[in-house]
Amino acid sequence: MALEYRNLMEDIVVQNAITMMQVRDCCTCDACTSDVVAYALNHVPPRYVATRKGQMLAKISGYELQYKADVVAAICEAIEVVKNSPRHDDR
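Residues numbered from 1 in each chain as written. Predicted model: local features only at pLDDT ≥ 70, side-chain atom pairs only at ≥ 80, totals over all residues. Heavy atoms only, no water.

Remarks on unusual backbone geometry
No. 1: For Asp25, which is not glycine, the phi torsion reads 55 degrees and is therefore positive.
No. 2: Within the secondary structure layout, Asp25 lies in the loop between helix 1 (8–23) and helix 2 (30–41).
No. 3: What makes Asp25 exposed here is its relative accessible area of 66%. (Helix = DSSP H or I, 4+ residues; strand = E, 2+ residues; numbered from the N terminus. Buried < 20%, exposed > 50% of the residue type's maximum accessible area, 1.4 Å probe, protein only.)

Description of helix 1
No. 1: In this model helix 1 runs 23 Å from its N-terminal to its C-terminal C-alpha over 16 residues, within 8% of the 22 Å that 1.5 Å per residue would give.
No. 2: For helix 1, the principal kink sits at Ala17 and spans about 35 degrees.
No. 3: All of the buried residues along helix 1 are Leu8, Met9, Asp11, Ile12, Val13, Asn16, Ala17, Met20 and Met21.
No. 4: Residue Asn7 occupies the N-cap position of helix 1, its side-chain oxygen lying 3.0 Å from the main-chain nitrogen of Met9.
No. 5: Just past helix 1, the residue Asp25 takes up positive phi, approximately 55 degrees. (Expected span 1.5 Å × (residues − 1). Bend = angle between axes of the 7 residues up to and from the residue. Polar contact = N/O pair within 3.5 Å; in protein donor to acceptor, adjacent residues only side chain to side chain.)

Points about the environment of Val72
No. 1: Summarising the element assignment, Val72 is placed in helix 3 (residues 56–84).
No. 2: Distance in space between the C-alpha atoms of Val72 and Ala17 is 8.6 Å, their sequence separation being 55 residues.

With respect to the nonpolar core
No. 1: If you look at the biggest cluster of nonpolar residues, it comprises 20 residues, and the most contacted ones within it are Val36, Ile75 and Ile79.
No. 2: By residue number, the principal contributor to this core is helix 3, which donates seven residues. (Core = buried A, V, L, I, M, F, W, Y, C linked by side-chain atoms within 4.5 Å.)

Some details on the environment of Ile12
No. 1: When you line up the elements, Ile12 lands in helix 1.
No. 2: Residue classification places Ile12 among the buried residues on the basis of a relative accessible area of 0%.
No. 3: Remark: the alpha-carbon pair of Ile12 and Val72, spanning 60 residues in sequence, is separated by 9.6 Å.

With respect to the packing of helix 1 against helix 2
No. 1: Their axes nearest at 10 Å, the elements helix 1 and helix 2 cross at an angle of 135 degrees. In terms of orientation, helix 1 and helix 2 fall into the oblique class. Crossing of helix 1 over helix 2 shows right-handed handedness. Across from Met9, Glu10, Val13, Val14, Ala17, Ile18 and Met21 in helix 1, the residues of helix 2 making contact are Cys32, Thr33, Val36, Val37, Ala40 and Leu41. (Axes fitted to C-alpha atoms, helices over the stretch in contact; angles between N-to-C directions. Parallel < 35°, antiparallel > 145°, perpendicular 65-115°, else oblique. Left-handed = near helix turned anticlockwise from the far one by under 90°. Contact = heavy atoms within 4.5 Å.)

Set out below in structure tokens:
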């Protein structure tokens, strides 16, 4: 039996980052999206779960509401940082 584990915060941040970036008029290129996700993940505590395939979606849904406020705050902060200092070249 192989142990599987996942950081639920990663799933929640990725699910919400692009939508929030669009709403806040932030560039959504790969570099900016990666920077926002990485910044946000570094500012929320990880939430690892051990799970089997097929049970992941149920676990994510249950945890998402609980941690959404922390994730939203971290993504908002990340968006401001990235908007003020984007790593990509101006196109």
